[in-house]
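Working through the structure, step by step
What follows is each chain in one-letter form.
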Amino acid sequence: MNILLVEDNDLDVAILRRSMKKLGISNSLIRARDGLEALEFLKSNLVARELQHPYVILLDINMPRMNGHEFLAELRETDALKASRVYVFTTSDSKKDINLAYENNVNGYIVKPNSTSELTDILKALQEFWSICEVPDFA
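Residues numbered from 1 in each chain as written. Predicted model: local features only at pLDDT ≥ 70, side-chain atom pairs only at ≥ 80, totals over all residues. Heavy atoms only, no water.

**What to know about the packing of aromatic side chains**
- Applying the stated criterion to the full structure yields 1 aromatic pair.
- Considering the side-chain rings of Y87 and F129, the 6.5 Å spacing of their centres and the 80 degrees angle between planes classify their relative orientation as edge-to-face. Taken together, the positions of Y87 in strand β4 (residues 85-90) and F129 in helix α5 (residues 116-132) put the pair 42 residues apart, joining distant regions of the chain.
- A relative accessible area of 38% places F129 in the partly exposed class.
- Between R85 and the ring centre of Y55, over which it is positioned, the NZ or CZ distance is 5.7 Å. (Phe/Tyr/Trp six-rings, centres within 6.5 Å; stacked < 30°, edge-to-face > 60°. Helix = DSSP H or I, 4+ residues; strand = E, 2+ residues; numbered from the N terminus. Buried < 20%, exposed > 50% of the residue type's maximum accessible area, 1.4 Å probe, protein only. Lys NZ or Arg CZ within 6 Å of the ring centre and 35° of its normal.)

Right under this line is the structure:
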């Protein structure tokens, strides 16, 4: 599973990359710093195919320029991208954020853990989940 990580915090990105490496997870990881950069990348990717199928988006909520909710609304309105699989990965455990994310058809909502061992457990669970999922054919 290839990953588009939409995350503005450099430290969170470094910790995620380190945890993936430690677990031997070799998934492709491309980073966008906010929702606007992610949308631009995804729209240009329709032609360039830098992000190989199948892919998932790990999305932070609180970001500059375009936050995660704004990104989701735009993504779901773009015909070629609206079926993208999105997992929110954020520090917000607000019921408002959770409900709004699910209203925009996210596949899951994960609150960022406080420790690297908890992050490792989450990454293991996601890796196992993705390994048993059937993926659509994108010919």
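**Concerning the sheet that holds strand β3 (residues 55-59)**
- Taken in spatial order, the 5 strands of this open sheet run β2-β1-β3-β4-β5, and their pairing is parallel. Of all the strands in the sheet, just β2 (29-32) and β5 (108-111) have a single pairing partner and so form its edges. Pairwise comparison of adjacent strand axes, ignoring direction, gives a mean angle of 20 degrees for this sheet.
- As paired elements, β3 and β4 share 4 bridges and run parallel to each other. Considered in β4, the bridge of L59 is made with V88.
- In the packing of helix α3 (residues 68-77) onto the sheet, the strands contacted are β3 and β4, and the crossing angle to β3 comes to about 150 degrees. (Pairing = 2+ DSSP bridges. Axes fitted to C-alpha atoms, helices over the stretch in contact; angles between N-to-C directions. Contact = heavy atoms within 4.5 Å.)

**Side note on empty space enclosed by the protein**
- Applying the stated criterion across every chain yields a total of 1 cavity of 30 Å³ or more.
- Approximately 30 Å³ is the volume found for the largest cavity.
- I3, M20, I25, L123, L126, Q127 and W130 are the residues that line the largest cavity.
- The biggest single contributor to the lining of the largest cavity is α5, with 4 residues. (1 Å grid on protein atoms, 1.4 Å probe; cavity = no way out; pocket = protein on both sides within 12 Å on 5 of 7 lines; lining within 4 Å. Points joined across faces, edges and corners; volume = space filled by probe spheres on them.)

**A few points about the pattern of salt bridges**
- Applying the stated criterion across every chain, the model contains 7 salt bridges.
- Of the charged contacts in the structure, one is a salt bridge between K112 and E7, with a shortest N-O distance of 2.5 Å. Within this pair, whereas K112 is found in the loop between β5 and α5, its partner E7 is found in the loop between β1 (2-6) and α1 (10-23), the two being separated by 105 residues in sequence.
- Taking relative accessible area as the criterion, K112 reaches 12% and is therefore assigned buried.
- Here E7 falls in the buried class, since its relative accessible area comes to 2%.
- Of the charged contacts in the structure, one is a salt bridge between D60 and K112, with a shortest N-O distance of 4.0 Å. Placement of the pair is D60 in the loop between β3 and α3 and K112 in the loop between β5 and α5, with a sequence separation of 52 residues.
- In this structure, a network of salt bridges that share partners links the residues E7, D12, D60 and K112. (Salt bridge = Lys/Arg side-chain N within 4 Å of Asp/Glu carboxyl O.)

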